[in-house]
Amino acid sequence: MKEITLFNCLLVAWFALAVVVFISLYFIAAPYGRHARKGWGYAIGNKMAWIIMEAPSPIIFATCFLLGNVKVNAVIIVFLVLYEAHYVHRAFIYPFTLRTGKKVPLSIISFGFFFNIVNGYINGRYIFTFSGGYADSWMLDPRFILGVTLFVLGYIINRQSDLALRDLRKEGGTGYKISYSRFYRWVSSPNYLGEIMIWVGWAIATWSLPGLAFAFWTVANLLPRARANHAWYRQTFPDYPPERKALLPRIW
């Protein structure tokens, strides 16, 4: 069987699995971070957990670039830089900024590891091989411009939100607090909002089914978690700002 046939079958299955995950996470909050709880097996420290989960994505995506056969032009370089900028930070920089001692179950780490292998492959293999390449004129296409703009704005919101959470905790502090800075003034999970914007932008800029699958997975994972986080904050802090929404300012 040709690789492209396997690729297409994997892509269909990937969409279907995202639907299952979305439904499941509405009833069961993934047991890490503020939702950590016993009963999910052996767990390891969150720094190493993040590295293990996220490292496959930038490595596989870069490998697909090196093995690809499309013409390397400015569009391809932009896609490579955007993807790697996010995931190199997420895998090899972000974990060392964490100031909590939370642990992550191996079951969650295994799923994250598996997700990033498949996701890095389907996006990298499509862009650098199966897409046939992108013409130089794609950089002037409204879809590319809108997508890259959303990606960059989401990247900024995501990073600023991470910094806001980090600023809440002094060295050695592990407790949760209410943030009133940056984008937390409007929503409970602006880091998730930024992440969703990043990959919706990616889907638009690449105008591809793998990109759409990535955006779909991001929403399927983070929308239920944003809902759970918002409920947790309201239950944990009696003085939690009543006007603050879960994910979308003034809407939800």
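Here is what the cut-offs are and how they apply
Residues numbered from 1 in each chain as written. Predicted model: local features only at pLDDT ≥ 70, side-chain atom pairs only at ≥ 80, totals over all residues. Heavy atoms only, no water. Helix = DSSP H or I, 4+ residues; strand = E, 2+ residues; numbered from the N terminus. Expected span 1.5 Å × (residues − 1). Axes fitted to C-alpha atoms, helices over the stretch in contact; angles between N-to-C directions. Parallel < 35°, antiparallel > 145°, perpendicular 65-115°, else oblique. Left-handed = near helix turned anticlockwise from the far one by under 90°. Nonpolar A, V, L, I, M, F, W, Y, C, P; charged D, E, K, R; others polar. Core = buried A, V, L, I, M, F, W, Y, C linked by side-chain atoms within 4.5 Å. Buried < 20%, exposed > 50% of the residue type's maximum accessible area, 1.4 Å probe, protein only. Contact = heavy atoms within 4.5 Å. Phe/Tyr/Trp six-rings, centres within 6.5 Å; stacked < 30°, edge-to-face > 60°. Lys NZ or Arg CZ within 6 Å of the ring centre and 35° of its normal. Patch = residues over 30% accessible without salt bridge, like charges linked within 9 Å, V, L, I, M, F, W, Y side chains within 5 Å. Areas by Shrake-Rupley, 256 points an atom, 1.4 Å probe, with all protein chains shown as cover. Salt bridge = Lys/Arg side-chain N within 4 Å of Asp/Glu carboxyl O.

### A look at helix 5 (residues 106-130)
An α-helix turns once per 3.6 residues; consequently, residues spaced three or four apart project the same way. Under the 1.5 Å per step criterion, the end-to-end length of helix 5 is 34 Å for 25 residues, consistent within 8% with the ideal 36 Å. Of the residues one or two after helix 5, G132 is the one with positive phi, at around 80°.

### Section: the packing of helix 6 (residues 142-168) against helix 7 (residues 190-206)
How two helices sit against one another is set out by the angle between their axes and by the gap between those axes. For the pair helix 6 and helix 7, the least separation of the axes is 7 Å and the interaxial angle reads 160°. As summarised for this structure, helix 6 and helix 7 are arranged roughly antiparallel, according to the angle between their axes. Seen from above, helix 6 lies across helix 7 with left-handed handedness. Split into classes, the residues belonging to the contact of helix 6 with helix 7 amount to 17 nonpolar, seven polar and three charged.

### Quick look at the nonpolar core
Of all hydrophobic cores here, the largest spans 43 residues; its most connected members are F79, I127, W199 and W202. Listing elements by their share of this core, those giving two or more residues are helix 1 (3-25), helix 2 (46-54), helix 3 (56-67), helix 4 (74-92), helix 5, helix 6, helix 7 and helix 8 (209-236). Setting aside chain neighbours within four positions, we find F79 in contact with F61, I127, Y134, W138, F144, W202, A205 and T206. Counting eight residues, the second-largest nonpolar core is a separate cluster that includes Y192, I196, A226 and L247.

### Concerning helix 3
Relative to the 16 Å expected for twelve residues at 1.5 Å per residue, helix 3 spans 16 Å between its end C-alpha atoms, a close match to the ideal helical length. Burial in helix 3 covers these residues: P56, S57, P58, F61 and C64. Turning to helix 3, the residues buried within the fold contact helix 2, helix 4, helix 5 and helix 7.

### Considering the packing of aromatic side chains
Applying the stated criterion across every chain, the model contains 34 aromatic pairs. Ring geometry for F61 against F128: centres 5.0 Å apart, planes inclined by 65°, an arrangement best described as edge-to-face. Placement of F61 in helix 3 and of F128 in helix 5 is noted, with a sequence separation of 67 residues between them. Taking the relative accessible area as the measure of exposure, F61 reaches 0% and is therefore buried. Look at F128 and you get buried, because its relative accessible area is 1%. Centre to centre, the rings of Y233 and Y240 are 5.1 Å apart; their planes meet at 10°, and the pair counts as stacked. Residue Y240 is classed as buried on the basis of its relative accessible area, which comes to 4%. In this arrangement the basic side chain of R143 is found over the ring face of W207, its NZ or CZ atom lying 5.0 Å from the centre. Residue placement shows R159 over the ring face of Y155; its charged tip is 4.2 Å from the ring centre.

### Description of the environment of P95
Counting through the fold element by element, P95 comes out in the loop between helix 4 and strand 2 (103-105). Taking relative accessible area as the criterion, P95 reaches 0% and is therefore assigned buried. With 86 residues separating them along the chain, P95 and S181 place their C-alpha atoms 22 Å apart. With near-sequence residues (within four places) excluded, P95 lies in contact with K47, W50, I51, H89 and R90.

### Overview of the environment of V70
Checked against the element boundaries, V70 lands in the loop between helix 3 and helix 4. Using a relative accessible area of 12% as the deciding quantity, one classes V70 as buried. A sequence separation of 18 residues divides V70 from V88, and the C-alpha atoms of the two residues are 23 Å apart. In this structure V70 touches I76, I127, F128, T129, S131, G132 and G133, once residues within four positions along its chain are discounted.

### Thoughts on a nonpolar patch on the surface
A contiguous nonpolar surface patch, about 590 Å² in accessible area, is contributed by V19, I23, F27, I28, W40 and F216. Mapped onto the elements, I28 comes out in the loop between helix 1 and strand 1 (43-45). In this structure I28 comes out as partly exposed when scored by relative accessible area, which is 43%.

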